[in-house]
Every structure is written in structure tokens, then in C-alpha cells.
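# Working through the structure, step by step
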Amino acid sequence: MIKSLKIWLTLAAVAVTSTSALAVSDKKRAEIEERIKPVGEVCLQGDSTCGVVMAASSGPRSGEDVYNTACLACHSTGAGGAPILGDAAAWADRIAKGVDALYDSGINGLAGTGMIAKGGCMNCSDEEVHAAVDFMLGASQ
Ligand code: HEC
């Protein structure tokens, strides 16, 4: 009788322990899922529950935005001999090469100079670099 009671108690204890162990692991699992969930979630156009972030980054950035982010460091200071925004004299010879050559320099850089491909903005699209070149030329004639 005593032996069977002992066994019963042991089983009851195991049952209680494993139940709470399960509860903890469910909680842990929820925490882990929260930690490893994707950083970005797909947000469809027109979905107002997540549209704010996407709206800000949807579509190409303007030439001025790209300039301010990726080009200004050199092209506002003349670092490394960069033609300065608004300096018509510094730009005149370059403009004479034709805008396609300047787009090409913007996208691929100019070998052997400080003008690196896309000004180092590797997430800028070609279109955005074109816009930045247009912005710089428009302000420098
Ligand atoms: C790390 C400095 C640096 C950054 C950043 C930079 N440039 Fe330049 N850029 C230069 C230098 C230096 C030159 C002049 C190169 C030379 O002819 O010696 C130049 C020249 C140019 C030219 C004239 C090229 C030619 O063919 O004459 C264009 C166009 C240009 N940059 C566009 C851009 C655009 C657009 C960005 C931003 C997306 C940008 N640059 C960012 C340094 C920079």
C-alpha cells in the first residue's frame, strides 16, 4: 500500500513538473518566435496597417535626396578635386562631355580618381544616380 502510494505520488509529481515545463517552453517558444521574426514584413500598397514606412521609401528618391545622402560629402567640399555643386566653371568642361558621359561617371565612377561608383551609394538605383547627376548639373550651370 505504501509502495503504491509512493509510486502514485511520484507520478503525480512528474505530471505536475512536466506540465509546468511545457508551459515554460510554450512561453519560451513565443519569446523565441518574437525574437526571430523577420525584421521587415511585406506590406502591400493600400494596406493602411503598415503603410507608413513603405510610403516613405516607395518609389525612387529624388536627385536632391540622393545628392544630400551620397554625393554632398565630396561635392560640397571639393574633396579629392570633386567639382563643387554650383561652381559653373568647374562643371563647364565636364558638361561639355555630354550628360551620358556624366551619368556613366556617376554610376561607374571615374577610374583613378576619388569619384567612386555611385558615390559609394550601393543601394542607389541607376535611375537615382541619374537624378542626382541631373540635380548637380541643374545647380551648376
Ligand atoms: C568620395 C568622394 C565623392 C563622392 C561621395 C561622390 N563623388 Fe562625384 N566626384 C568625385 C571626384 C573627386 C570627382 C572628380 C574626378 C576627376 O575628374 O578627377 C567627381 C566627379 C563627378 C562627376 C563628373 C564626372 C566626369 O566625368 O567629369 C560626376 C557627374 C559626379 N562626380 C557625380 C557624383 C554623384 C552623382 C555622386 C553621388 C551619388 C557623387 N559624385 C559622389 C568625388 C566624389
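Residues numbered from 1 in each chain as written. Predicted model: local features only at pLDDT ≥ 70, side-chain atom pairs only at ≥ 80, totals over all residues. Heavy atoms only, no water.

## A short note on the pattern of salt bridges
Under the counting rule described, the total for this entry stands at 2 salt bridges. As a salt-bridge pair, Glu128 and Arg61 come within 3.0 Å of each other at their nearest N and O atoms. With a gap of 67 residues between them, Glu128 in helix H6 (residues 126-138) and Arg61 in the loop between helix H2 (51-57) and helix H3 (63-75) connect regions that are remote in the sequence. A relative accessible area of 33% means that Arg61 is categorised as partly exposed. Between Asp126 and Lys118 there is a salt bridge whose closest N-O contact spans 3.2 Å. Here Asp126 falls in the partly exposed class, since its relative accessible area comes to 38%. (Salt bridge = Lys/Arg side-chain N within 4 Å of Asp/Glu carboxyl O. Helix = DSSP H or I, 4+ residues; strand = E, 2+ residues; numbered from the N terminus. Buried < 20%, exposed > 50% of the residue type's maximum accessible area, 1.4 Å probe, protein only.)

## Points about the confidence of the model for the protein
Residues of the protein with pLDDT of at least 70 account for 68%, and the chain-wide mean is 81. Note that residues 51-57 has pLDDT below 50 and, in this model, 2 contacts with residues that lie over four places away or in other chains. (pLDDT = per-residue confidence, 0-100. Contact = heavy atoms within 4.5 Å.)

## A word on the state of the cysteines
For the coordinates displayed, the defined rule picks out 1 disulfide. Note on cysteine connectivity: Cys121 is disulfide-linked to Cys124, with sulfurs 1.9 Å apart. Of note, the bridge from Cys121 to Cys124 carries an S-S torsion of about 85° and is right-handed in sense. Overall, Cys121 belongs to the buried group, its relative accessible area being 10%. According to the relative accessible area criterion, Cys124 is buried, its value standing at 4%. (Disulfide = S-S within 2.5 Å.)

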